[in-house]
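Residues per chain are reported as follows:
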Amino acid sequence: MESQSLCTMQDFYGGDIRARLAVAQRFHAELGPELAANGAFSRMLAQAEVLEKELARTMAGLELGALCTACGVKAGGGCCSSFMAGENDAIQLLLNLMAGVPVAILREDEECCFLGERGCLLRFKPMFCLNYNCRQIRDGAGMARMQGLEQATGRLLQQQYGLEQLLLEFLQQRGRLAG
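The structure presented is a predicted model; accordingly, all values stated were derived computationally and were not measured. (Residues numbered from 1 in each chain as written. Predicted model: local features only at pLDDT ≥ 70, side-chain atom pairs only at ≥ 80, totals over all residues. Heavy atoms only, no water.)

Asker: What is the right way to read helix 3 (residues 39-61) from this model?
Answerer: Residues that lie three or four places apart on an α-helix share one face, since the helix turns once every 3.6 residues. For helix 3, built from 23 residues, the straight-helix expectation of 33 Å at 1.5 Å per residue is met to within 8% by its first-to-last C-alpha distance of 33 Å. The inward-facing, buried residues of helix 3 abut helix 2 (17-37), helix 6 (90-98), helix 7 (127-131) and helix 8 (135-173). With a side-chain oxygen lying 3.1 Å from the backbone nitrogen of Ala 40, the N-terminal cap of helix 3 falls on Asn 38. Positive phi shows up at Glu 63, right after helix 3, with a value of about 55°. (Helix = DSSP H or I, 4+ residues; strand = E, 2+ residues; numbered from the N terminus. Expected span 1.5 Å × (residues − 1). Contact = heavy atoms within 4.5 Å. Polar contact = N/O pair within 3.5 Å; in protein donor to acceptor, adjacent residues only side chain to side chain.)

Asker: Would you explain the side chain of Glu 52 in this entry?
Answerer: Here Glu 52 lies in helix 3. For Glu 52, a relative accessible area of 13% translates into the label buried. In this structure the side chain of Glu 52 is engaged in a polar contact, spanning 3.1 Å, whose partner is the side chain of Arg 123. The residues contacting Glu 52, other than those within four sequence positions of it, are Arg 123, Phe 124 and Leu 156. (Buried < 20%, exposed > 50% of the residue type's maximum accessible area, 1.4 Å probe, protein only.)

Asker: When you look at the packing of helix 3 against helix 8 in this model, what are you seeing that I'm missing?
Answerer: When two helices pack together, their arrangement is given by the angle between the helix axes and the distance between those axes. Direction vectors running N to C along helix 3 and helix 8 enclose 160°, while the axes themselves pass 9 Å from each other. One way to sum up the angle between helix 3 and helix 8 is to call them roughly antiparallel. Relative to helix 8, the crossing made by helix 3 is left-handed. Here the contact of helix 3 with helix 8 is composed, by residue class, of 14 nonpolar, 7 polar and 4 charged. (Axes fitted to C-alpha atoms, helices over the stretch in contact; angles between N-to-C directions. Parallel < 35°, antiparallel > 145°, perpendicular 65-115°, else oblique. Left-handed = near helix turned anticlockwise from the far one by under 90°. Nonpolar A, V, L, I, M, F, W, Y, C, P; charged D, E, K, R; others polar.)

Asker: Hey, could you run me through unusual backbone geometry in this one?
Answerer: Glycine aside, residues mostly have negative phi, and peptide bonds are mostly found in the trans state. The phi angle at Glu 63 is positive, at roughly 55°, despite the residue not being glycine. Position of Glu 63 among the secondary structure elements: in the loop between helix 3 and helix 4 (64-72).

Asker: Sorry if this is basic, but what is going on with the nonpolar core here?
Answerer: Nonpolar side chains tend to gather and get buried jointly when the protein is soluble and globular. Of all hydrophobic cores here, the largest spans 48 residues; its most connected members are Phe 12, Phe 27, Phe 41, Leu 93, Val 103, Phe 114 and Leu 171. Those elements giving two or more residues to this core turn out to be helix 2, helix 3, helix 6 and helix 8. A total of 12 residues in this core trace back to one element, the largest contributor, which is helix 8. Not counting the four nearest positions on each side in its chain, Phe 27 is found in contact with Cys 7, Phe 12, Gly 32, Leu 94, Leu 171 and Arg 176. (Core = buried A, V, L, I, M, F, W, Y, C linked by side-chain atoms within 4.5 Å.)

Asker: Can you walk me through the environment of Leu 168 in this structure?
Answerer: Counting through the fold element by element, Leu 168 comes out in helix 8. Sequence-wise, Leu 168 and Met 9 are 159 residues apart; in three dimensions their C-alpha atoms are separated by 9.3 Å. For Leu 168, the residues in contact, after removing those within four places along its chain, are Met 9, Phe 12, Tyr 13, Ile 91 and Leu 177.

Asker: Teacher, can you tell me more about the pattern of salt bridges here?
Answerer: For side chains of opposite charge, pairing can occur when their charged atoms come near one another. Using the criterion set out here, one finds 9 salt bridges in the structure. Residue Arg 174 pairs with Glu 34 through a salt bridge whose shortest N-O separation is 2.5 Å. Note that Arg 174 is positioned in the segment after helix 8 and Glu 34 in helix 2, a separation of 140 residues in sequence. Look at Glu 34 and you get partly exposed, because its relative accessible area is 37%. In this structure, Arg 123 engages Glu 52 in a salt bridge whose closest nitrogen and oxygen atoms are separated by 3.1 Å. (Salt bridge = Lys/Arg side-chain N within 4 Å of Asp/Glu carboxyl O.)

Dropping the structure here:
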């Protein structure tokens, strides 16, 4: 794609993960400063960052890092597969870039390309990644703590959806999205 060209929804949600990352990086470079100066976007992103930290604290309280790491090193691995990397769209990747995450392909194997030595590189993740709770998580957490995890997840996903809609509108208003 050349600079200032029109993107389609297929560019954001289709193609492979490398193509979607390239779209996100391009829009971050071209429109990042304007987006950062947009009051509505900045407020919503700041709230999403608060909600992401709340979810991270909840997950840490459940010791999910250790649980998921132990699962991931077993034969057959865990949930963070290369297939799951494809659940990320260009909008989520752009949100991560706007939040200061240095989004990059970290690996070229059967695991998710955003999975580093300390876990997932991304702060804002696809719905499946946030919503999927395996039996080990459910059994280990118990009903009350699972409810807290699900509520924190729901709040973040709702905010991410609002940000996605705002970004799509922003891009359309600037003539950058075929609509």
